[in-house]
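# Inside the fold
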Amino acid sequence: MGLDNTLNNDKWHALNTREVLEKLKTDPKHGLPDDEVKERLRIYGLNELTAKGGRSLLKIILGQILNLFMLLLLSAAIIAIIVGETSDAYSIIAIMAIMIFAGVIQEYRAEKTLEKLKSMAIPKARVLRNGRLMEIDSRQIVPGDILILSEGDRVAADARLIEARDLSVDESMLTGESHPIAKKADVILDPLTPLADRINMVYSGTYVVRGTGKAVVVATGMKTELGRIAQMVAETAEEKTRLHVEMDKLAKQLGGVIIGIAVAVLILAIIVGAASPIEALLTSIALAVAAVPEGLPAVLTMILALGVMRMARRNALVRRLGAVESLGRVTVIATDKTGTLTRNEMTVTRIWLPSKGVLEISGSGYLREGKITYNGNVLRYGELEELDLLIENSVLCNNSDVDYSVNPPKPIGDPLEAALVVLAYKSGIDPGVIRRKYRRIHEIPFSSERKMMSVVIEKDNKRILYSKGAPETILSKSRYYIVNGVIKELNKEKKEEFLGIAEELASKGLRILGHGYRVLGEDESEQENIENDLVFIGFTGFIDPPRPEVPGAIKKAIDAGINVVMVTGDHAITAKAVAEMIGLPLEGKTVVTGRELDLMGDEELEKIIDNVAVFARVSPEHKLRIVKAFKKKGHVVAMTGDGVNDAPALKLADVGVAMGLRGTDVAREAADLILEDDNFATIVAAVEEGRTSYNNIRKSTLYLLSANVAEVLVVLGSILLLDKLLLTPAMILWINLVTDSLPAITLGLEPPEPDVMKKPPTALKPLLGKTGLYFLGYIGVVLSLLTWFSASLRPLFAATAAYLALSISELAHSFNMRSPDKSLLEIGFTRNKYHILGYIIAAIIAIAPIYLMPWLLKATPLPLIEVIEIFIITHIIIVIEEIRKRVTTKIP
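Below is a short write-up of the structure. Please read all numbers here as calculations on a predicted model, not as lab measurements. (Residues numbered from 1 in each chain as written. Predicted model: local features only at pLDDT ≥ 70, side-chain atom pairs only at ≥ 80, totals over all residues. Heavy atoms only, no water.)

Below, the discussion takes up the overall build of the protein chain. What the protein chain contains, in helices and strands, is 34 helices and 28 strands. Within the protein chain, the proportion of its 892 residues that are buried is 57%. Taking contacts inside the protein chain between residues at least 6 apart in sequence as the whole, the part at least 24 apart equals 71%. In the structure as shown, the protein chain presents an accessible area of about 36400 Å², 58% of it carried by carbon and sulfur atoms. (Helix = DSSP H or I, 4+ residues; strand = E, 2+ residues; numbered from the N terminus. Buried < 20%, exposed > 50% of the residue type's maximum accessible area, 1.4 Å probe, protein only. Contact = heavy atoms within 4.5 Å. Areas by Shrake-Rupley, 256 points an atom, 1.4 Å probe, with all protein chains shown as cover.)

One open sheet holds the eight strands; their spatial order is E8-E28-E27-E26-E9-E23-E25-E24, and the pairing between them is mixed. Because the sheet does not close on itself, it has two edges, and the strands there are strand E8 (316–318) and strand E24 (590–593). On average, adjacent strands in this sheet sit at an angle of 20° to one another, irrespective of strand direction. Sheet strands in contact with helix H22 (residues 620–632) are strand E9 (332–335), strand E23 (563–567), strand E25 (612–616) and strand E26 (637–641), and its direction is about 160° off that of E26. (Pairing = 2+ DSSP bridges. Axes fitted to C-alpha atoms, helices over the stretch in contact; angles between N-to-C directions.)

A separate point is the side chain of Asn398. Here Asn398 is to be found in the loop between helix H13 (385–396) and strand E14 (401–403). On the basis of relative accessibility, which here comes to 3%, the residue Asn398 falls in the buried class. A distance of 2.8 Å separates the side chain of Asn398 from the backbone oxygen of Glu417, its partner in a polar contact. (Polar contact = N/O pair within 3.5 Å; in protein donor to acceptor, adjacent residues only side chain to side chain.)

So, on to helix H29 (residues 798–816). With 19 residues, H29 should cover 27 Å at 1.5 Å per step; its first-to-last C-alpha distance of 27 Å lies within 8% of that length. With respect to burial, H29 is a largely interior element, 18 of its 19 residues being buried. (Expected span 1.5 Å × (residues − 1).)

So, about the packing of aromatic side chains. A full pass over the atoms with the stated rule returns 10 aromatic pairs. Among the aromatic residues, ring-to-ring pairing joins Trp352, Tyr481, Phe498, Phe536 and Phe539 into one connected group. Lying over the aromatic face of Tyr404, Arg368 brings its terminal NZ or CZ to 3.9 Å of the ring centre. The ring of Tyr425 carries the charged tip of Arg368 above its face, separated from the ring centre by 5.2 Å. (Phe/Tyr/Trp six-rings, centres within 6.5 Å; stacked < 30°, edge-to-face > 60°. Lys NZ or Arg CZ within 6 Å of the ring centre and 35° of its normal.)

We now examine the packing of helix H28 (residues 770–792) against helix H34 (residues 876–887). The geometry of H28 relative to H34 is characterised by a closest axis approach of 11 Å and an angle of 150° between their N-to-C directions. Seen along the crossing, H28 lies across H34 with a hand that is right-handed. For the pair formed by H28 and H34, the contact residues are Phe775, Tyr778, Ile779, Val782, Leu783 and Leu786 on the first element and Ile876, Ile877, Ile880, Glu881 and Arg884 on the second. Of the residues belonging to the contact of H28 with H34, the class tally is nine nonpolar, no polar and two charged. (Left-handed = near helix turned anticlockwise from the far one by under 90°. Nonpolar A, V, L, I, M, F, W, Y, C, P; charged D, E, K, R; others polar.)

Scanning the entire structure with this criterion turns up 38 salt bridges. One salt bridge connects Glu171 with Lys183, and the closest N-O pair in it is separated by 2.6 Å. Linking Glu171 in the loop between strand E4 (158–170) and helix H7 (172–175) with Lys183 in the loop between strand E5 (181–182) and strand E6 (201–202), this pair joins segments that are 12 residues apart in sequence. Residues Glu171 and Lys183 agree in their burial class; the two are buried. Notably, a salt bridge pairs Glu753 with Lys699, separated by 4.0 Å at the nearest N-O pair. Of this pair, Glu753 sits in the loop between helix H27 (741–747) and H28 while Lys699 sits in helix H25 (residues 680–722), placing them 54 residues apart in sequence. Relative accessible area serves as the criterion here: at 4%, Lys699 is assigned to the buried category. The network of salt bridges with shared partners includes Arg310, Arg314, Lys556, Glu688 and Glu689. (Salt bridge = Lys/Arg side-chain N within 4 Å of Asp/Glu carboxyl O.)

That bond from Asn407 to Pro408 is cis: its omega, 0°, falls within 30 degrees of zero. Structurally, Pro408 can be placed in the loop between E14 and strand E15 (410–412). Backbone geometry at Asn130 places phi at a positive 55°, although glycine is not the residue there. The topology assignment puts Asn130 in the loop between strand E1 (124–129) and strand E2 (132–137). The exposure class assigned to Asn130 is partly exposed, which follows from its relative accessible area of 33%.

Attention now goes to helix H12 (residues 322–329). Most of H12 sits inside the fold, with eight of its eight residues counted as buried. Along H12, the residues that are buried comprise Gly322, Ala323, Val324, Glu325, Ser326, Leu327, Gly328 and Arg329.

A volume near 1200 Å³ is recorded for the largest pocket. Lining the largest pocket are 42 residues, with His179, Ala182, Ala470, Arg511 and Ile512 sitting closest to its centre. Every element with two or more residues in the lining of the largest pocket is listed here: E5, helix H14 (415–426), strand E18 (462–469), helix H16 (471–477), helix H17 (492–506), strand E21 (511–519) and strand E22 (534–543). The element best represented in the lining of the largest pocket is H17, accounting for four residues. Of the residues in the lining of the largest pocket, the class split is 19 nonpolar, eight polar and 15 charged. (1 Å grid on protein atoms, 1.4 Å probe; cavity = no way out; pocket = protein on both sides within 12 Å on 5 of 7 lines; lining within 4 Å. Points joined across faces, edges and corners; volume = space filled by probe spheres on them.)

A word on the environment of Tyr778. Relative to the elements of secondary structure, Tyr778 occurs in helix H28. Distance from Tyr778 to Val709, taken between C-alpha atoms, is 9.4 Å for residues 69 residues apart in sequence. If sequence neighbours within four positions are ignored, Tyr778 has contacts with Ile880, Glu881 and Arg884.

What follows is about the environment of Asp646. Assignment of secondary structure puts Asp646 in the loop between E26 and helix H23 (647–652). Each C-alpha atom of the pair Asp646 and Gly656 lies 9.3 Å from the other, and the pair is 10 residues apart in sequence. Sequence-distant contacts of Asp646, that is, excluding residues within four places in its chain, are made with Asp336, Lys623, Met639 and Gly641.

Next comes the structure, spelled out in structure tokens:
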């Protein structure tokens, strides 16, 4: 047929069916012939998702090795091997191997995302070909194929509807809509219509919940909306976390300092003749070993892992270690609405009757618990005729039910109709009783053209027609209305009044259904046009209710200086109503729709984004733009979501947060954090844990680096004053890797400070700022002086005394680092019992080699009294720091 080999038109919804069929050169009655199918398969390829942009296992491993800190450690190991210090080199390499293994395991899961997307492909599909209905492998579908759709089908490709009979499709995985979308074939839409409103289209991966349809395929494989999401996920680069950036910066600074000191000492030693060139080289290597915090990467990994464990106890599963620290810095939570802020369970919350006005319905979801009240008084089935009629209408004009054999209960069929079944329970009547009592005779199914559904039932030897549907449709079909059991004529003014009430209810975010009935005459046939002259009963109002814990969680986030923004595929009116219910601040803020985003450039979006409370009717591309705009403004973004449509933005965000119970596999694989209870409050709890972990990381980093500064000063002083090394490289490595690491890890178990969620994220200090550098210098000088003093008192055991004094003084200093600005008396000496235990074990580890393996460190066993004296002298650092904390808290 000579179809173009490119189909760039993504505005199929803006064309009529004749134009679409002509462009695709296909026949709606016969479909494509076999030879044309083969040609199109050659041009467009199989209807499947192909992975692009993924990283192999080798690339992931190289990514772990090729970071600055790892290269710094690798350089130290290589030099140690060259000069014969093989035991030091093997220790460093062992640490590196553990770090690389942990990193690879954490990152490899990200590459599974596309595989999960591919698994959503539909194995079989029904199409028309050569005039025959055929069931084929969905991968063989091509543009121009005629799809045949029926209830329960997964849609195999993106397609333009050419026929639709009572067709409703669940598109929540793409749009975030919490209810099925009624489809129509005979409409032409504006080219700018957002995906969620394209009622004449069906999309790959969605499924048919009701009705039948025929559609012509317009896109397959990676050209579908699902394919576009897959490509966005593949092409979205995971940026380094702030911690990684700071660690890289620290590694550069350390590398420069280490090289500078080592080269200076090497040249100085040779010039002044203090040592031979080989000895000078060994000395400079010793200094390099002293300056490199070999244990720091392992300690940071352990602290992050401890944070992961704490979060797991609070139902937050961390999939990437770096996300722990990133959570602590979050300034914006961009959250999906459906299933995240809300329960994703349609619930009737209002009834409106002409005689009473608004009735309130308590309870939420599909649980039977709840009551119908009017002015605080409970109303039950059997007490008010209009309410009885509405309940019977809701149950009988209904093809759905609720499965109470599972927990939580699940809707069977249309969620909206299932909510009406629940309403009956709340009125005090079992809907099964009503259905058994009144036999259904006839049904006129819902259709998108009629916007209503009707049934004829037998009640008290009469035939009753019950109808439900769009308010304007039911009112247009009504001639009467019922008030306190009295049927009155419904004039034009009353219709307009009732319609205005429906619009007012809808403005509060409710979906409104109208209900009516009539008694059929004895001579009337069910086949006649009987949906006229109805008696209007009233309205039911539905909403996907907010989770009860969400308002408190949002308040806590706001108190912590975090901006919470709703990003949803739902309508702006509904989104705004939910925002008001959950306490999302709207004053001085705006609501922006997907269409408005399409007309807005990136720079304009960046200008207004801090003043937007709700983004409504958004597509996956919009979500990516929103995350990018926030990040461009310097924000640290946590993006929540549970659908396939959320995956690209989850991957791009600093912290992607997926739902564990309701989330799709795709969203979970793309996320950094999974909420096992789907509880929005868990995000805030995770932020609190993240802040605590970051503060503890900073404490451990300052502790280890201050210890390294002290080691460098001790080694440098021994070269300048004694013309020899006071500490051997083995001693330094033992302190760095073994002795110091344990208290550094237990600092990671320090409990959160009481005001951690009362400060904005900007209050978090950098890992090593200017005040941090002052602190390192000051502590390094104090520790080195304590070491020199201890060694000078024991000239026969100077090297061993210096080693032990440096080890113990650093261990004592770890108590100071439990809080850099608060006194030990204030925070409680025993509050972190793990730290006390770590201190004791580390002290034993520091002392043990002197007596059990003196050859390992080239040490000389000390008399017990000498050890006790060194312990007393070195703990003076705690007194000095307590005085400093009373004088100033500006450092570190």
